[in-house]
Amino acid sequence: MPKAQLQYLTEELNKLREQKLYQRLRILETEQLPVARFDGHQVINLSSNNYLGLTTHPKLKKRALEAIEKYGVGSGAVRTIAGTMSLHMALEEKIAQFKNVEASVVFQSGFTANAGTVQALLTKEDIIISDELNHASIIDGCRLSRAEIKVFPHKDVDACEKILKEISGHEGRKLLITDGVFSMEGDIAPLPALVALAEKYGCIMMIDDAHSSGVLGKNGRGTVDHFGLDGRVDVQVGTLSKAIGALGGYVCSTRDTIEFLYHRARPFLFSTSHPPSVAATCLAAFEVLDEEPQLVEQLWTNTKFFKAGLQKLGFNTGVSETPITPVIVGDAALAHEFSRQLFAEGVFAQSLGFPTVPHGKARIRTIVTATHTQEELTRALGILEQVARKLKII
Ligand SMILES: *Cc1c(COP(=O)(O)O)cnc(C)c1O
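Residues numbered from 1 in each chain as written. Predicted model: local features only at pLDDT ≥ 70, side-chain atom pairs only at ≥ 80, totals over all residues. Heavy atoms only, no water.

Attention now goes to the pattern of salt bridges. This structure, assessed with the given rule, holds 24 salt bridges. For glutamate 337, the salt bridge identified is with arginine 340, shortest N-O distance 2.9 Å. One end of the pair is glutamate 337 and the other is arginine 340, both in helix H13 (residues 332-345) and 3 residues apart, which spans about a single turn. (Salt bridge = Lys/Arg side-chain N within 4 Å of Asp/Glu carboxyl O. Helix = DSSP H or I, 4+ residues; strand = E, 2+ residues; numbered from the N terminus.)

It is worth spelling out the packing of aromatic side chains at this point. One pass over the structure, following the stated rule, counts 7 aromatic pairs. For the ring pair phenylalanine 98 and phenylalanine 286, a centre distance of 5.2 Å and an interplane angle of 65° mean the geometry is edge-to-face. Separated by 188 residues along the polypeptide, phenylalanine 98 in helix H3 (residues 86-99) and phenylalanine 286 in helix H11 (residues 276-291) bring together distant segments of the chain. Comparing phenylalanine 98 with phenylalanine 286 shows no difference in burial state: the two are buried. Through successive ring pairs, a cluster of aromatic residues spans Phe38, Phe343 and Phe348. For the cation-ring pair, arginine 17 lies above tyrosine 22, with the distance from its terminal atom to the ring centre recorded as 4.3 Å. Here arginine 221 stacks its cationic end above the ring of phenylalanine 98, 4.6 Å away from the centre of that ring. (Phe/Tyr/Trp six-rings, centres within 6.5 Å; stacked < 30°, edge-to-face > 60°. Buried < 20%, exposed > 50% of the residue type's maximum accessible area, 1.4 Å probe, protein only. Lys NZ or Arg CZ within 6 Å of the ring centre and 35° of its normal.)

It is worth spelling out the side chain of serine 277 at this point. Among the structural elements, serine 277 can be located in helix H11. Accessibility expressed as a relative area gives 13% for serine 277, which makes it buried. If near-sequence neighbours (up to four positions away) are discounted, serine 277 is found in contact with Ala64, Ala67 and Ile68. (Contact = heavy atoms within 4.5 Å.)

Okay, the sheet that holds strand E7 (residues 204-208) next. Reading across the sheet, the 7 strands line up as E3-E9-E8-E7-E6-E4-E5 and stay open at both edges, with mixed pairing between neighbours. A strand with exactly one partner marks an edge of an open sheet, and here the two such strands are strand E3 (103-107) and strand E5 (148-152). The sheet shows a mean angle of 20° between the axes of neighbouring strands, direction not considered. In the sheet, E3 pairs with strand E9 (residues 249-253) via 5 bridges, with the strands oriented antiparallel. The residue of E9 that forms the bridge with alanine 103 is serine 253. (Pairing = 2+ DSSP bridges. Axes fitted to C-alpha atoms, helices over the stretch in contact; angles between N-to-C directions.)

The periodicity of an α-helix, 3.6 residues per turn, causes residues three or four places apart in sequence to face the same way. With 14 residues, helix H2 (residues 58-71) should cover 20 Å at 1.5 Å per step; its first-to-last C-alpha distance of 20 Å lies within 8% of that length. Turning to H2, its buried residues number three or more, namely Leu60, Ala64 and Ala67. Looking straight down H2, one finds that the buried residues subtend no more than 65° of arc, so they occupy a single side. Seen from the buried face of H2, the exposed residues on the opposite side, beyond 90 degrees, are Pro58, Lys62, Leu65, Glu69 and Lys70. Of the surrounding secondary structure, the elements contacted by the buried residues of H2 are H3 and H11. Glycine 72 lies just past H2 and shows a positive phi near 85°. (Expected span 1.5 Å × (residues − 1). Arc of directions from axis to C-beta.)

Attention shifts here to the site of the ligand. Neighbouring the ligand are 14 residues; Gly110, Asp208, Thr239, Ser241 and Lys242 lie closest to it. For the ligand, an oxygen atom lies 3.4 Å from a polar atom in the backbone of glycine 248. In the complex, 85% of the free accessible area of the ligand, which totals 380 Å², lies under the protein chains. Broken down by element, the residue count for the shell around the ligand peaks at 3 residues, all from helix H4 (residues 110-121). Of the residues belonging to the shell around the ligand, the class tally is 2 nonpolar, 9 polar and 3 charged. (Near = heavy atom within 4 Å. Polar contact = N/O pair within 3.5 Å; in protein donor to acceptor, adjacent residues only side chain to side chain. Areas by Shrake-Rupley, 256 points an atom, 1.4 Å probe, with all protein chains shown as cover. Nonpolar A, V, L, I, M, F, W, Y, C, P; charged D, E, K, R; others polar.)

Now the structure itself:
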């Protein structure tokens, strides 16, 4: 029965339908694989963040099953009451070692890691200086902290410094925060310059490496390792949900920062910890990063191959430097049609329009993984070419 008090939601949805912004969920019917079945169609999958193919890695599956047998399926409590299991502590030690930092803490997701940490570290007396394309979870954390938020244009180091000069007399704390790799453009933050600014102006430096961990740096250690900035970034966030192949987020910092988060990060305090199987899976994933460096190498081989193929066809791939490569077409309706026809022909590449990306910059986004074969990528390029010519995109 329609409920009068919820009728406004139906009207909002109808507006989205009129504006052609209504989106149906695509349903994955197999494992998350480079070629997978969505909505009954077998497609080359260019839409997952499963960079290294770890969602189906045999070692990870085995460890998850063993953890269920040994420790059950749930943790039964929040971390600060009875829900800290030895597996959680082992995972955090492994992450800290991997990232070459004193300590780390795991959250339920990358989203809660960012939101919970920014909210915990800052107060309304403080100022946050944030790249305009930073992830939604950072923006939410900034808002929840009630600190003043100053946004600088994307990757604009000079504009960032201008803000820092303007607020140099400020009494409270300052946090300079950026994504390591930006999820819509696939470009990399100017981290060396931002770190230098943070040091010059006395800011806490924080980076969100969700799309860089498992992708950039030695064995996928992330942007800090990629740029050789060990010890100079105060807070590093990462996700366990993308290259690591499971679910969760983590924060790396000094031991005291991590212990402070135990006491003040609201998702840590008020939401139940990971099931043991997830912690065991993630632990195994970090072992795989050390044991199988060829996965990251193959990811980059595939990335270069596919990006070169797109550029040779004359597509506008923007400023991408990573496995995330947008194909920018401009008009949102065209991007959605492009994506729809690609899917019908056997390639899944999600279209993105306003407000996810600016007006006039609508695109499809492609993400290659280490587990795509060159044959699959070549086939995908062929389908992209055929559909794009039909739609006069190239
Ligand atoms: C995906 C993403 C997150 C969120 O990570 P989850 O583990 O999926 O919650 C945070 N930041 C950035 C930049 C991301 O791309």
